[in-house]
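Chains, contacts and geometry: an overview
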Amino acid sequence: MSVTYSGRYDTIVVGVGGMGSATAYYLARRGKRVLGLERFGIPHSMGSSHGHTRIIRMAYYEHPSYVILLQRAYELWRGIQQSAGERLLHTTGSIDAGPEDSWVFKGSWESCRLHDLPHEVLTGSELQRRYPGYHLPKDHLALVQPDGGFLTPENCIISYVRGAQAHGAEIHGREQVLEWEPLEGGVRVHTNRGVYEADKLVITAGAWDGELVDVLDGLAVPERQVLAWLQPTNPERFQPENFPVFNLLVDEGRFYGFPVHGVPGFKFGKYHHLQEDVDPDAMDRESHDYDEQLLRDFAERYFPEGCGPTMDLQTCMFTNTPDNHFIIDVHPEYEQVSFASPCSGHGYKFASVIGEIMADLADTGMTRHDISLFRLDRLINPPSRPLDQSHPPATSNGHDSNGTNGHSRDFPRVSDIQTFW
Ligand SMILES: Cc1cc2nc3c(=O)[nH]c(=O)nc-3n(C[C@H](O)[C@H](O)[C@H](O)COP(=O)(O)OP(=O)(O)OC[C@H]3O[C@@H](n4cnc5c(N)ncnc54)[C@H](O)[C@@H]3O)c2cc1C
């Protein structure tokens, strides 16, 4: 079936997931004529933005400069929540914990001190007294920050799409972009249903970014993840009012988790699960006994009352960059094209502000937000200074994953974020 539209759009947004839905909204709200194209449904569970909940936290061990963006992200989440008339942001507080000298605890603490964020530091034993669902090693330290919580990603996408439509955007689900070509002062986009032209193109295709943007090929690498929901044997301890979201660095690796919400289970996952780089169209979307066992072993040790019968297991994709910081930029050859690969397992909380940034880039080629950490040229023309190895990333099994699964270029990739202090 082919659909023909007359006229030309100001901007076409490819991929209406976490980032694309917000981009379409902020562009449409500025009065731009927007077309959003999504290959699956809206929302769907084939990409990176499904599974009921995503952590948002102000304390940021990955780099303190993310905190400035988060302040704006929170403001924008509250804005879209208000216009949607629906709760999208749930505040539970956040916990970043690990051994005293671990990058997760120390980095989080450093970001709070630098940005003057309210916080407390508790030992593992103190944490357990306050939040009895947690059973961390007694000598671990936990940074507790009250602004942390979770977003409901599918509802956020729906809210942004509804808002964009209310401002005149056209959004097409189940329409796959096959290719795009630059024109003098614009772009032409070919889909499985039609051909469209616009002045600007924004590519927010998540795990498929590397297929649609030549310069991202091999730099934005999808990786299979698995999440578990287990029925708590003591449900009270896993309710949002008693159970802050967490990031934990323990002997088994780095894990994250949530109170019970949506599904009758305590949800958690391991960052970089089995370190399996994948082709997003051929990924194994089943979860297996060995996936479940890895996750249950963690819960049995650190959340023994959260470890009842399995309620659900789901797969999802991270899209990792070599240094695990986002890539957000204008195409080096075509100034009318911009792209965002803001995942590496921690991007959703920024979708609101990244939508604003992408709208800025499409609108003017510039943004008032500091995106220097995310520019493409840090990866293409890296500075001669080697990565700071004085704080080696903690990994569960000590091995790096450098596979590129069919990607044409081979970039060295660290298996976890490198901190900058
Ligand atoms: C298991 C898991 C847990 C996570 N936990 C957290 C967390 O707690 N907190 C946090 O902040 N972040 C978290 N993240 C990361 C976060 O979810 C991602 O950063 C975010 O979802 C990425 O959004 P996106 O818009 O880039 O990708 P997506 O939401 O996947 O959107 C990309 C869209 O592009 C579409 N598309 C692709 N190709 C085409 C094409 N050719 N034509 C049309 N459409 C196309 C896709 O179908 C998709 O809808 C997690 C990720 C995973 C997988």
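The structure reproduced in this document is the subject of the present report. Counting from 1, residues in each chain are numbered in the order their sequence is written. Two thresholds apply to this predicted model, a pLDDT of at least 70 for residue-level local features and 80 or more for giving and counting side-chain atom pairs, whereas whole-chain, interface and lining totals are computed over all residues. Side-chain measures were taken over the full set of non-hydrogen atoms in the model, leaving aside hydrogen atoms and water.

**A word on the environment of leucine 227**
Working definition: helices are DSSP H or I runs of at least four residues, strands are E runs of at least two. Numbering for both runs from the N terminus. Tracing the chain through its elements places leucine 227 in strand β13 (residues 221-230). Residue classification places leucine 227 among the buried positions, given a relative accessible area of 4%. A sequence separation of 40 residues divides leucine 227 from lysine 267, and the C-alpha atoms of the two residues are 7.0 Å apart. Whether two residues touch is decided by their heavy atoms; if any such pair falls within 4.5 Å, the residues are in contact. Setting aside chain neighbours within four positions, we find leucine 227 in contact with Tyr256, Lys267, Phe268, Gly269, Leu295, Asp312, Leu313 and Gln314. Partly exposed describes any residue whose relative accessible area lies between the buried limit of under 20% and the exposed limit of over 50%, with all areas from a 1.4 Å probe on protein chains only and scaled to the type maximum.

**Let's talk about the site of the ligand**
The immediate surroundings of the ligand are formed by 35 residues, with Glu38, His44, Ser49, Ile55 and Cys316 found nearest. Two N or O atoms form a polar contact when they lie within 3.5 Å of each other; inside protein one atom must be a possible hydrogen donor and the other a possible acceptor, and for residues adjacent in sequence the pair counts only when both atoms belong to side chains. Within the backbone of serine 48, a nitrogen or oxygen atom sits 2.9 Å from an oxygen atom of the ligand. Going through the elements one at a time, α1 (18-29), β3 (54-56), β15 (253-258) and β18 (310-320) are the ones with two or more residues in the shell around the ligand. The greatest single-element share of the shell around the ligand, amounting to three residues, is contributed by β18. Side-chain classes follow a simple rule in which Ala, Val, Leu, Ile, Met, Phe, Trp, Tyr, Cys and Pro form the nonpolar group, Asp, Glu, Lys and Arg form the charged group, and the remainder, Gly included, forms the polar group. Counted by class, the shell around the ligand contains 17 nonpolar, 13 polar and five charged residues. It suffices for a single heavy atom of a residue to lie within 4 Å of a molecule or strand for the residue to be listed as near it.

**Some details on helix α5 (residues 153-166)**
Helices are assigned an expected span. That span is 1.5 Å times one less than the residue count. An ideal rise of 1.5 Å per residue puts 20 Å on 14 residues; α5 measures up with 20 Å between its terminal C-alpha atoms. Every buried residue belonging to α5 is among Pro153, Glu154, Cys156, Ile157, Ser159, Tyr160, Val161, Gly163 and Ala164, and all of these are buried. Residues of α5 that are buried in the fold lie against α1, β3, α2 (66-84), β8 (149-151), β9 (170-172) and α8 (351-364). Backbone geometry just after α5 places glycine 168 at a positive phi near 95°.

**Topic: the sheet that holds β8**
Reading across from one edge, β3-β8-β4 is the order of the three strands in this open sheet, with antiparallel pairing throughout. Bordering the open sheet on either side are β3 and β4 (89-91), each of which pairs with just one other strand. Each strand of the sheet is rotated relative to its neighbour by a mean of 30°, with strand direction disregarded. Any two strands are treated as partners once DSSP identifies two or more bridges connecting them. Sheet topology places β4 next to β8; three bridges connect them, and they run antiparallel. Of the residues in β8, the one forming a bridge with leucine 89 is leucine 151. Across the face of the sheet, α2 comes into contact with β3, β4 and β8 while running at roughly 120° to β4. Note on geometry: axes are C-alpha line fits, over the in-contact stretch for helices, and angles between N-to-C directions span 0 to 180 degrees.

**Side note on the packing of aromatic side chains**
Think of it this way: a Phe, Tyr or Trp ring, Trp meaning its six-membered ring, pairs with another when their centres are within 6.5 Å, and the plane angle makes it stacked under 30 degrees, edge-to-face over 60, tilted otherwise. One pass over the structure, following the stated rule, counts 37 aromatic pairs. Plain terms: the ring middles of phenylalanine 238 and phenylalanine 266 are 5.0 Å apart, the flat faces sit at 45° to each other, and that makes the pair tilted. With phenylalanine 238 in the loop between β13 and β14 (245-250) and phenylalanine 266 in strand β16 (residues 266-270), this pair connects stretches of sequence that are 28 residues apart. Given a relative accessible area of 0%, phenylalanine 238 falls into the buried group. Ring centres of phenylalanine 246 and phenylalanine 303 lie 4.9 Å apart, and the angle between their planes is 15°; this geometry places the pair in the stacked category. With phenylalanine 246 in strand β14 and phenylalanine 303 in the loop between α7 (289-302) and β18, this residue pair connects regions lying 57 residues apart in the sequence.

**Examining the environment of phenylalanine 303**
When its relative accessible area of 0% is taken as the criterion, phenylalanine 303 is described as buried. Taking the C-alpha atoms as reference points, phenylalanine 303 and proline 232, separated by 71 residues in sequence, lie 9.0 Å from one another. Residues contacting phenylalanine 303, with those up to four places away along its chain left out, are Gly133, Tyr134, Phe238, Phe243, Phe246, Leu248, Phe266 and Phe298.

**Looking at unusual backbone geometry**
Here isoleucine 42 and proline 43 are connected by a cis peptide whose omega angle stands at -5°. Structurally, proline 43 can be placed in the loop between β2 (34-37) and β3. Although it is not a glycine, histidine 272 adopts a positive phi angle of roughly 60°. With respect to the helices and strands, histidine 272 occurs in the loop between β16 and β17 (276-277). Histidine 272 sits in the buried class, given a relative accessible area of 4%. Even without being a glycine, serine 344 presents a positive backbone phi close to 45°. Looking at the secondary structure, you find serine 344 in the loop between β20 (337-341) and α8. Since its relative accessible area comes to 4%, serine 344 is described here as buried.

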